[in-house]
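The residues making up each chain are set out below.
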Amino acid sequence: GLRFSYLPGWMVTTDLLLQRGVKVREVMLNGPEHSLLLLFCFPEAADVSLESFAANAVKGRDGVVKKQAGGAPFTTRAVTAKIAGQESPGIEQTFDLELLGQTLPHQASYYMVHVPGFKVIVAAQAAQRHLATVRPGWQKVFDTLRLEPPSETPGNTSGLKAIFVR
């Protein structure tokens, strides 16, 4: 199963099973200052990589990312984070969102966590000016995230049950 705790001010707003060739569990938490934390739980055999996921996220933001003359609309760098008790490789992207005529510098980070039976991509995004406020909420989920192999969740056809603790 999928288990984690989260801080007050955060809320699970999405928990659904996506059918995109493979069953993918998507859980979204909305936090303070319009921050997001998403968990995408893929079967271990799914053909998804951290790099391809992050590249697709860039494409998905294409309409709202401010284009900088002569340069890339974002920067990217390799990062790591301790998630579910393991050091997880990640990709951090910084970019400027153009919304309602305002430029809002943002940061998005993507991490890959492996457990028997699953690979989980954790995505976190917030405005850069609010990172100090939202990082503790991300870290609470990172520290408490637990994943059990499907064999430990009998009777569950999706392979994952979810338990969220506030």
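Asks: I would appreciate a short explanation of the overall build of the protein chain in the present structure.
Replies: Within the protein chain, the secondary structure is distributed over 2 helices and 10 strands. When burial is assessed residue by residue, the protein chain has 45% of its 166 residues classed as buried. Here the analysis covers contacts within the protein chain between residues at least 6 apart in sequence; of these, 54% occur between residues at least 24 apart. Carbon and sulfur atoms make up 55% of the accessible area of the protein chain, which totals about 8,600 Å².

Asks: Could you clarify how one ought to interpret the layout of surface pockets in this entry?
Replies: Leftover empty space is mapped by rolling, across the atoms, a probe with the size of a water molecule. Of the volumes computed, that of the largest pocket is approximately 530 Å³. For the largest pocket, the lining is made up of 23 residues, of which Arg20, Phe40, Phe53, Asn56 and Ala57 are closest to its centre. For the lining of the largest pocket, the secondary-structure elements that each account for two or more residues are β2 (11-20), β3 (22-30), β4 (36-43), α1 (50-60), β7 (102-115) and β8 (118-127). A breakdown of the residues in the lining of the largest pocket according to their chemical character gives 16 nonpolar, 4 polar and 3 charged. Glu33, His34, Leu36, Leu97, Leu99, Leu104, His106, Gln125, Ala126, Ala127, Arg129 and His130 are the residues that line the second largest pocket.

Asks: Looking at this model, I keep getting lost on the pairing of β7. Mind explaining?
Replies: Across a regular strand the side chains alternate sides, sitting on one face of the sheet and then on the other. Bridge analysis of strand β6 (residues 86-99) against β7 gives 10 bridges, and the strand direction is antiparallel. Residue pairing in the sheet places Thr94 in a bridge with Gln107 of β7. The turn linking β6 back onto β7 is made up of 2 residues, and Leu100 within it adopts a positive phi angle of 50 degrees. Sheet analysis places β7 next to β8, joined by 10 bridges and oriented antiparallel. Opposite Val115, over in β8, you have Phe118 as the bridge partner. Between β7 and β8, which pair antiparallel one after the other, the connecting turn spans 2 residues, and Gly117 there sits at a positive phi close to 95 degrees.

Asks: For this particular structure, what's the right way to read α1?
Replies: Structurally, the α-helix is built with 3.6 residues per turn, so residues lying three or four positions apart point the same way. Listed as buried for α1 are Leu50, Phe53, Ala54 and Ala57. Down the axis of α1, the buried side of the element spans an arc of 95 degrees, and every buried residue falls inside it. Facing away from the buried surface of α1 by more than 90 degrees, the exposed residues are Glu51 and Lys59.

Asks: Mind showing me how you'd approach the side chain of Glu92 here?
Replies: Tracing the backbone shows Glu92 in strand β6. At a separation of 3.4 Å, a polar atom in the side chain of Glu92 contacts the side chain of Gln107. Aside from chain neighbours lying at most four places away, what touches Glu92 is Thr75, Thr76, Arg77, Val79, Gln107, Ala108 and Ser109.

Asks: Looking at this structure, I do not really get unusual backbone geometry. What am I missing?
Replies: Peptide bonds are trans in most cases, and residues, glycine excluded, mostly fall at negative phi. Although it is not a glycine, Glu33 adopts a positive phi angle of roughly 60 degrees. By the secondary structure assignment, Glu33 is in the loop between β3 and β4. Positive phi outside glycine occurs at His34, with the angle close to 65 degrees. Take His34: it is sitting in the loop between β3 and β4. Given a relative accessible area of 77%, His34 falls into the exposed group.

Conventions used here
- Residues numbered from 1 in each chain as written.
- Predicted model: local features only at pLDDT ≥ 70, side-chain atom pairs only at ≥ 80, totals over all residues.
- Heavy atoms only, no water.
- Helix = DSSP H or I, 4+ residues; strand = E, 2+ residues; numbered from the N terminus.
- Buried < 20%, exposed > 50% of the residue type's maximum accessible area, 1.4 Å probe, protein only.
- Contact = heavy atoms within 4.5 Å.
- Areas by Shrake-Rupley, 256 points an atom, 1.4 Å probe, with all protein chains shown as cover.
- 1 Å grid on protein atoms, 1.4 Å probe; cavity = no way out; pocket = protein on both sides within 12 Å on 5 of 7 lines; lining within 4 Å.
- Points joined across faces, edges and corners; volume = space filled by probe spheres on them.
- Nonpolar A, V, L, I, M, F, W, Y, C, P; charged D, E, K, R; others polar.
- Pairing = 2+ DSSP bridges.
- Arc of directions from axis to C-beta.
- Polar contact = N/O pair within 3.5 Å; in protein donor to acceptor, adjacent residues only side chain to side chain.

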